Amino acid sequence: MWMKWIKRKNEKEVILGEEVKEKKKMDPKKKKRIITWGILAALLIAIVGYVNISNAKSANTGRVLPVVEAAKGEVESTIGTSGIVDSEESKTYFAPVDATIQDFSLQVGDMVSAGQQLVTFDIESLQREAREAELAASETENEYQSSMAKSAENQMDFNTASVNVETYRWMIVSQRAYINNLNQAVAQRTANQNALQDSNAIRQADIADGIARKNKEINDIGTVSGNGVNGEDEQRIAKLRNEILDLERESARLGLTQTPAGATPEETRIITEAQQLLADMEGYLGADKGVKEAAENGILNRFEKGKLQATREKAALQVEKAKDRLAKASAGLHAEFNGIVSQVEVENGATVASGAKILKIESSDSVKVTLNISKYDLDKIKINQQVDIDIAGNEYTGKVSKINRIAQKNESGTPVVKVEVHIDNPDQNIYLGVEAKVVIHVEKAENVIIVPVETVNTDIKGTFCYVIENGVVTRKGVTTGISSDTEIEIKEGLKEGEQVISLINDSIKEGMPATAMPTGNTEDTEEMTETQ
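Residues numbered from 1 in each chain as written. Predicted model: local features only at pLDDT ≥ 70, side-chain atom pairs only at ≥ 80, totals over all residues. Heavy atoms only, no water.

**Student:** Please give an account of the sheet that holds strand β4 (residues 99-103) that cites residues and values.
**Tutor:** The antiparallel open sheet is built from 4 strands, whose spatial order is β7-β6-β4-β9. With one partner strand each, in any of the chains shown, β7 (333-334) and β9 (351-352) form the two edges of the open sheet. Sheet analysis places β4 next to strand β6 (residues 117-122), joined by 3 bridges and oriented antiparallel. Across the sheet, residue D103 finds its bridge partner in β6, namely T120. (Pairing = 2+ DSSP bridges. Helix = DSSP H or I, 4+ residues; strand = E, 2+ residues; numbered from the N terminus.)

Quick look at the structure:
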């Protein structure tokens, strides 16, 4: 029966495939010890066979069976498998600007150190672009300052002209009122003079008519009297002549009282000067109106100022971008961490566009092993479990860092889950892409009852061990815990010191007489069992 158990154990190893711990190369001393135990086990089998034959003749003695003592100790469950070494951190480097590569000699597989210069660029054209951008920005700044100063000047002119226009308008209104008053005074006096002149003209006409009549009467007197004039006629003529003289005097007096119509010279001078001043005011008003209009047209509104400011900022931004491109090209590309070049996309001297892929570096300081875990072991894997790692003969430690939540089919079509193991102590001996052997420490129990795994069997009634009690083979049902490749924890069913039969076959029956033959400690029992 124990042979069948071993067969099932081997079948499990086949099913687990790469998840099963690959056995390490055996230590020569251990190998020698196993050979020795193998010889002893063979002798033991022969002796047992002989004794059993003898025992068949004596029912009181029973068979001699090898046993191992159930003892307290520690046992650890592990999963052995293999995976591919990969980097946990990688960075792809892209061209920061449009430029020509000046110095680049890395190849795939080269190691780089943090801070190492990876690529240098030709910066001559970028220096020229930066200078041109600075000049353009300077020109834009000067234009901006000039426009803003001119706008401010126009604003001042507009303000001054606005005040002047309002002042001249008020002065012109006042001056016009003044001139109008002068003209009204002259017009009133002229009207009065014209009325007087009309009256005088009528009187002058009457006087002229009277003089004419009186002269005619004088002439008529002379004509009537002929050559001689009497005294009465002379008196009449004298009287008429006196009357004519009075009329002439009155006419002369009327002539003296007449003055020219219209303004006097002084009034004319005053009115002329007032009108000239009004004309000057109107001229000043027109000039200031022109200044105001021109200044107003030269004042920048908020949209025009915003446009100038945007143009200014755009030019400054172009300078900033040009300097940034120059700075990036001058700096080149540097490794951000220790690593290995995994991809190279360009050659030295090539002209690359901004954003073009140049190379990729995989970190050698942050390294992992990627495993494919089947459903049989998936429930045993937990985050932060300790892991022993062997890479090309170099040993490292690590821990489970990630368990993928989506299964993928492997090459044989079997669903597997990818598990990542972080390597705690990577060094220069690590090669990315190679296979690594790992042992995952799943679970560990200390100070518990342990027996060799081959002493535990299972049938339809459950899991059990055979022990020898009082010279009789006794079956004891057990509850097992964690197990390693060689030992298994017994949680219930056995006590420390009990003699557990280590060599199980179909001939062993519960209740049969037996004599215990100790075979040493648990490790020795394991080695003997493997030899058998």
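**Student:** Got a sec to walk through the sheet that holds strand β5 (residues 111-112)? Specific residues and values, please.
**Tutor:** If you walk across this open sheet you meet the 4 strands as β3-β10-β8-β5, and the pairing is antiparallel. Pairing within the sheet leaves two strands with one partner each, and these edge strands are β3 (90-94) and β5. Across 5 bridges, β3 lies against strand β10 (residues 357-363) in antiparallel orientation. Bridge pairing in β10 links F94 to K357.

**Student:** So, the pairing of strand β2 (residues 71-87): which residues are in play, and what are the values?
**Tutor:** Pairing analysis gives 13 bridges linking β2 to strand β16 (residues 435-452), with the strands arranged antiparallel. In the strand pairing of β16, V75 is matched with A445. Alignment of β2 against strand β11 (residues 367-373), held across 5 bridges, turns out to be antiparallel. Residue G83 lies in a different strand from β11, and its bridge partner there is L371.

**Student:** Outline the nonpolar core, supporting the account with residue identities and numerical values.
**Tutor:** Counting 29 residues, the largest nonpolar core has L118, V119, F121, I358, L359 and I361 as its most contacted members. The element that contributes the greatest number of residues to this core is helix α6 (residues 302-331), accounting for 5 residues. In this structure, L359 is in contact with K91, T92, Y93, F104, L106, L118, V341, Q343 and V344, ignoring residues within four places of it in sequence. In this structure, I79, V387, V419 and I430 belong to the second largest nonpolar core, which totals 22 residues. (Core = buried A, V, L, I, M, F, W, Y, C linked by side-chain atoms within 4.5 Å. Buried < 20%, exposed > 50% of the residue type's maximum accessible area, 1.4 Å probe, protein only. Contact = heavy atoms within 4.5 Å.)

Shape descriptors only; they carry no functional weight alone.
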